[in-house]
Amino acid sequence: MQQGKRVCIWDNLKCVLIFLVVVGHFVNQFEDESSIMRSISFFIYSFHMPLFIFLSGLLEKRWDENRPFQWTKPVYYILIGYWLKVFIYAIKVFFGRNARFDFFGDTGCPWYMFAMAAFMVLARILQKYSPRIVLPVSIIIACLAGYVPSIGSFLYLSRILVFFPFYYVGFLLTPDMVLRFVRDKRVKAGGVLILGILFLVSFVCIDEVYSYIRLLTGRNAYQLIHVPSCGAMHRFLWYIFSGMAGVSVISLIPEKSHPMAGMIGQRTLQIYFWHRLVLYVMMYTGAADVIKSVIPYLWISVYLTIAMGLTLLLSLNVFGKPLKSLKKYEQKVIRYLSGAIPQGM
């Protein structure tokens, strides 16, 4: 029974987080036109990707002699990343937009696929070293990386360095350890307080804090963040606060099973893959602007409802089949190559 609860809470959490990912990308399209959109964006970006990446590390099974590291998983993420690039490029060409296919980096959502592959490889390489050294060093490197403008979207290096500490912390912990901590009533009470403060700051003080949004994305050098004297201390404080916010969210996630949440939580990869493509089509066809002009007083509510409905729609099994087919093809190719390589080489 306990094991079932553990599975449920992680699926429920992934369901909440993928909703936030989709909504976050939707609201970004109108952040310059609406303070409400800016507030929602700031609230979401304060913690959602750090928590998503932490959860990926937490749920990654440990490698040992009985379970060796499998290169198929990071390679699979890289393949998905390139296919997403291809689809985005094709959509932009079709609608006559400025399209450029960059093999080694970009500023769009494919970054997550490549970063996840890098996180797995880094965690495997660093597994033999003491976490007491690796964790602080990784945080220091991430904080210092912001001073080097050339560390940006090329090879997604900035985001890999900035978000790796979250993955690594998750990788060091176990689901049981996290659950024992967040089930404490004092943690839950603190979670309500922290998220309440974040909500108030996001919606009451948005004009004062919104400039920090560039810090939260993980891809900008400090000199590109419109905050006076922005530097390593700002990033370090964000690590602390986003960690607290992430723990707060986990502590408030229900552990009971819910069929819809379970389905969405188990299919976050396909939702992430397809949702941005749909959003591109909506923006390039003017559908989003039509909503705004036809329903001027309720357009934000309708727009966000569409984002949430899209998340549910993309969780259907049909949208996962292309990715499953890609995975099967990859495994066949790797098996073929493994068989073609003479033993002992």
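This text follows the structure it describes.
Residues numbered from 1 in each chain as written. Predicted model: local features only at pLDDT ≥ 70, side-chain atom pairs only at ≥ 80, totals over all residues. Heavy atoms only, no water.

K.L.:
Honestly, the side chain of Ser 41 in this entry has me stumped. Any pointers?
P.N.:
Along the chain, the position of Ser 41 falls in helix H2 (residues 35-45). Here Ser 41 is in contact with Val 27, Asn 28, Glu 31, Tyr 210 and Ile 213, once residues within four sequence places are set aside. (Helix = DSSP H or I, 4+ residues; strand = E, 2+ residues; numbered from the N terminus. Contact = heavy atoms within 4.5 Å.)

K.L.:
Please explain the nonpolar core as it appears in this structure.
P.N.:
Ranked by internal contacts, the top residues of the largest apolar core, which has 104 residues, are Trp 10, Leu 13, Ile 53, Trp 111, Tyr 112, Phe 119 and Tyr 303. In terms of residue count, helix H1 (residues 2-28) provides more of this core than any other element does, 12 residues in total. Apart from residues lying up to four places away in sequence, Trp 111 is in contact with Met 49, Ile 53, Tyr 156, Arg 159, Phe 163 and Tyr 272. (Core = buried A, V, L, I, M, F, W, Y, C linked by side-chain atoms within 4.5 Å. Buried < 20%, exposed > 50% of the residue type's maximum accessible area, 1.4 Å probe, protein only.)

K.L.:
What is the right way to look at unusual backbone geometry in this model?
P.N.:
One can expect most non-glycine residues to show negative phi and most peptide bonds to be in trans. Of note, the phi angle at Leu 155 is positive, near 60°, even though the residue is not glycine. If you trace the backbone, Leu 155 turns up in the loop between helix H6 (131-145) and helix H7 (157-172). The exposure class assigned to Leu 155 is partly exposed, which follows from its relative accessible area of 44%. Even without glycine at this site, Tyr 156 takes up a positive phi of about 55°. Here Tyr 156 is to be found in the loop between H6 and H7. Judged by its relative accessible area of 4%, Tyr 156 is buried.

K.L.:
Just checking my understanding: could you explain the state of the cysteines for this structure?
P.N.:
By definition, a disulfide is the covalent link that joins the sulfur atoms of two cysteine residues. Under the criterion given, the structure shown has zero disulfides. With no disulfide of its own, Cys 205 lies closest to Cys 230 among cysteine sulfurs, the gap being 18 Å. Residue classification places Cys 205 among the partly exposed residues on the basis of a relative accessible area of 30%. Free cysteine Cys 230: the closest other cysteine sulfur is in Cys 143, separated by 11 Å. (Disulfide = S-S within 2.5 Å.)

K.L.:
Could you clarify how one ought to interpret a positive patch on the surface in this entry?
P.N.:
On the surface, Lys 321, Lys 324, Lys 328, Lys 332 and Arg 335 cluster together into a patch of positive charge. Within the secondary structure, Lys 332 is located in helix H17 (residues 321-340). Of the residues examined, Lys 332 reaches a relative accessible area of 54% and is grouped as exposed. (Patch = residues over 30% accessible without salt bridge, like charges linked within 9 Å, V, L, I, M, F, W, Y side chains within 5 Å. Areas by Shrake-Rupley, 256 points an atom, 1.4 Å probe, with all protein chains shown as cover. Salt bridge = Lys/Arg side-chain N within 4 Å of Asp/Glu carboxyl O. Lys, Arg positive; Asp, Glu negative; His and termini not counted. Charge placed at Lys NZ, Arg CZ, Asp CG, Glu CD.)

K.L.:
How should H7 be read in this particular structure?
P.N.:
Working note: α-helix, 3.6 residues per turn, so residues spaced by three or four point in the same direction. Taking 1.5 Å of rise per residue, 16 residues should cover 22 Å, and H7 covers 22 Å from first to last C-alpha, within 8% of that figure. Taken as a whole, H7 carries its principal kink of about 40° at Phe 163; the proline Pro 165 stands between one and four residues after it. All buried positions along H7 are accounted for by Ser 158, Arg 159, Ile 160, Val 162, Phe 163, Phe 164, Pro 165, Phe 166, Tyr 167, Tyr 168, Gly 170 and Phe 171. On the buried face of H7, the contacting elements are helix H3 (48-59), helix H5 (111-126), H6, helix H11 (213-216) and helix H12 (232-252). (Expected span 1.5 Å × (residues − 1). Bend = angle between axes of the 7 residues up to and from the residue.)

K.L.:
Whenever I open this one, helix H16 (residues 299-314) confuses me. Can you help?
P.N.:
Between its first and last C-alpha, H16 extends 22 Å over 16 residues, near the 22 Å set by a 1.5 Å rise per residue. Three or more residues of H16 are buried, namely Trp 299, Ile 300, Tyr 303, Leu 304, Ala 307, Leu 310, Thr 311 and Leu 314. The arc that holds every buried residue of H16, seen down its axis, measures 135°, which confines them to one face. (Arc of directions from axis to C-beta.)

K.L.:
Teacher, can you tell me more about the environment of Asp 102 here?
P.N.:
Its place among the elements puts Asp 102 in the loop between helix H4 (72-94) and H5. Among the polar contacts made by the side chain of Asp 102, one reaches the main-chain amide nitrogen of Gly 105 at a distance of 3.4 Å. (Polar contact = N/O pair within 3.5 Å; in protein donor to acceptor, adjacent residues only side chain to side chain.)

Keep in mind that these numbers describe shape and distance, not what the molecule does.
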